[in-house]
Every structure is written in structure tokens, then in C-alpha cells.
Amino acid sequence: MAERGRPRSFDRESALARAMTVFWDRGYQATSMSDLTEAMQINSPSLYAAFGSKEALYREAIAYFSETESDDIVAPLRQADTARAALEGFLLASAETFTRPGRPPGCMVVLSAVNAVGVGDETSRILREMRAGSVDAIEARLRSAILAGELPASIDARAIASYYVTVQQGMSIQARDGASRPMLEAIARGAMAAWEALMVAPGSAAASTIALTAR
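Owing to the predicted nature of the structure, the values given are computational and were not obtained by experimental measurement. The residue count restarts for each chain, going from 1 along the sequence in the order it is written. The model is predicted, so local features are restricted to residues of pLDDT at least 70 and side-chain atom pairs to those at 80 or more, both for listing and for counting; the totals for chains, interfaces and linings are taken over all residues. The side-chain quantities take in all heavy atoms of the structure and omit both hydrogens and water.

### Brief notes about the overall build of the protein
Going along the chain from the N terminus, every DSSP run of H or I of four or more residues is numbered as a helix, and every run of E of two or more is numbered as a strand. Tallying secondary structure elements over the protein gives 12 helices and 0 strands in all. A burial count over the protein gives 41% of its 215 residues as buried. Contact criterion: two residues are considered in contact whenever any of their non-hydrogen atoms come within 4.5 Å of each other. Here the contacts in the protein between residues at least 6 apart in sequence split such that 69% fall between residues at least 24 apart. Only protein chains enter the calculation, and the probe is 1.4 Å; a residue is then buried if its accessible area is under 20% of its type maximum, exposed if over 50%, and partly exposed in between.

Printed below as a string of C-alpha cells:
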């Protein structure tokens, strides 16, 4: 049986994409309902009918960002031939994506750590899990390389994954502050210079030597 009622007079996905851009640019709390209705080209009743609330719309916008804006960044983790190339590709793709013309700088998910003030506990949990997902993805790539004999089994895969995600998150904040793509690429290459040291087992004599040299 066909659904009764008046059909929506707007394209829901297009409206969601526009809302995503506003939240990405301004953050949750600084975005007003009038900002959203103007950008989405709908009125308040239509927004509430389609999305439920500002916070529900924000959750959908974050999910939409993850679905449509993140693939270029994570693709190297799936496609690169080696773990090192995967991590370098991840960081360099981040540098490119965070500085694309016509888009807000940085990563919406990363920036949500500071730009999502005012959301409820459930939304905060979702955002934390999304940010942690990058660590999980990199750790999985490193563990796959360990199983393949490419990397030593003694490395701390979780710590290494956390290190590179911390670098990437810092790149996102730098992009928001105006850092250029070449500057972010320089940061990425600097982080990759630590690769050999990170491949040394924690607590080994070699690791101690590296630590002493770095002082």
C-alpha cells in the first residue's frame, strides 16, 4: 500500500550534506537552527519532521561525513603493499583531504573532540568510538603485517597505531589553524622518520640505545 501524506518537498540527502558542512565548519554548539535551516533550504518544521532534533541531525551529519569524506584517508590502509607505505599513505592522504579547496579544513570527526560541546552522553560516546576507530584500523593493519612476517611480533601495535593517529589528529587541528598541505605533508614525513625506532621491541637494548640517543 502506498504511503499516504504529503511528500517532502526537499532532497533529504542534499539537505543532510549541507548540514554536515555547517556543523563541520562551525561545530555543534556554535551552529544555530537558523544556520541549519538557511543552509539546508528548509523550514524548522521540515527539519524536525525529517531529522527529529538538532542533535539527531548532528549524529546523522557525522555519520554522513564518515561515509562520504573518509574513504581517501583510509584507502591506503587497505591498498598499500607494506605497513609502512600504508601508514605513510594514511598521513599524506590526510594532509591532502584536510586542505581541500571548497571544504572546511580538518576532519569533522577529529574536530568533534573540541567542537561537539553541548551534545548528550550518547552522542559523545558515538564520537569517541568513531575517533577510536582509526586506531583500531591501523592496529589491524599492523597485526596483519606481523602475521605475514613483515613486522616483528614484538612491536606494540596498539601504541604505534595510537601514535600515528595522534599525529593525524594534530594535523587536523593544524589544518583548522591554517596550515597548508605542504606543511602537513612535512609533518607526515617527520612522523614516518620515527618508523624504524617504533619497530624496535620496547625494553630491548636497541630501544634503550634509541631512547638515549634521542635525549
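So that's the structure; there's more coming.
### Description of the UniProt feature "DNA-binding region" (unreviewed entry) in the protein
Taken from the UniProt record, the annotation "DNA-binding region" (unreviewed entry) applies to residues 32-51. For residues 32-51, the end-to-end C-alpha separation is 15 Å, with 80% helix and 0% strand making up the annotated structure. UniProt positions are given in the numbering used here, feature names are shortened, and annotations may be inferred rather than shown by experiment.

### Examining the environment of Leu47
Positionally, Leu47 belongs in helix H3 (residues 44-51). Judged by relative accessible area, Leu47 falls into the buried class, the value being 0%. Spatially, the C-alpha atom of Leu47 lies 9.2 Å from that of Ala15, the residues being 32 residues apart in sequence. Sequence-distant contacts of Leu47, defined by excluding residues within four places in its chain, comprise Met33, Leu36, Thr37, Met40, Ile42, Gly52 and Leu57.

### Some remarks on the packing of helix H1 (residues 12-26) against helix H4 (residues 54-69)
Inter-axis angles, ranging from 0 to 180 degrees, are taken between N-to-C directions of lines fitted to C-alpha atoms, where helices are fitted over the stretch in contact. Packing of H1 against H4 brings their axes to within 8 Å, and their N-to-C directions diverge by 95°. Classed by the angle they form, the pair H1 and H4 counts as roughly perpendicular. Contact with H1, carried on its side by Arg12, Glu13, Leu16, Ala17, Ala19, Met20, Phe23 and Trp24, involves Lys54, Leu57, Tyr58, Glu60, Ala61, Tyr64, Phe65, Thr68 and Glu69 of H4 and no other residues of that element. Note that Gly is not counted as nonpolar here; it falls among the polar residues with everything else outside the nonpolar set of Ala, Val, Leu, Ile, Met, Phe, Trp, Tyr, Cys and Pro and the charged set of Asp, Glu, Lys and Arg. The residue inventory of the contact of H1 with H4, partitioned by class, reads 11 nonpolar, 1 polar and 5 charged. Convention used here: angles under 35 degrees read as roughly parallel, angles over 145 as roughly antiparallel, angles from 65 to 115 as roughly perpendicular, and any remaining angle as oblique.

### Topic: the pattern of salt bridges
Salt bridges are defined by distance alone: a side-chain nitrogen of Lys or Arg within 4 Å of a carboxyl oxygen of Asp or Glu. Across all of its chains, the model carries 14 salt bridges by this definition. Measuring nitrogen to oxygen at the nearest pair gives 3.7 Å for the salt bridge that ties Arg59 to Glu55. Taken together, the positions of Arg59 and Glu55, both in helix H4 and 4 residues apart, correspond to about one turn of that helix. The class of Arg59 is partly exposed, set by a relative accessible area of 32%. Each of Asp136, Glu139, Arg143 and Arg158 takes part in a single network of salt bridges with overlapping partners.

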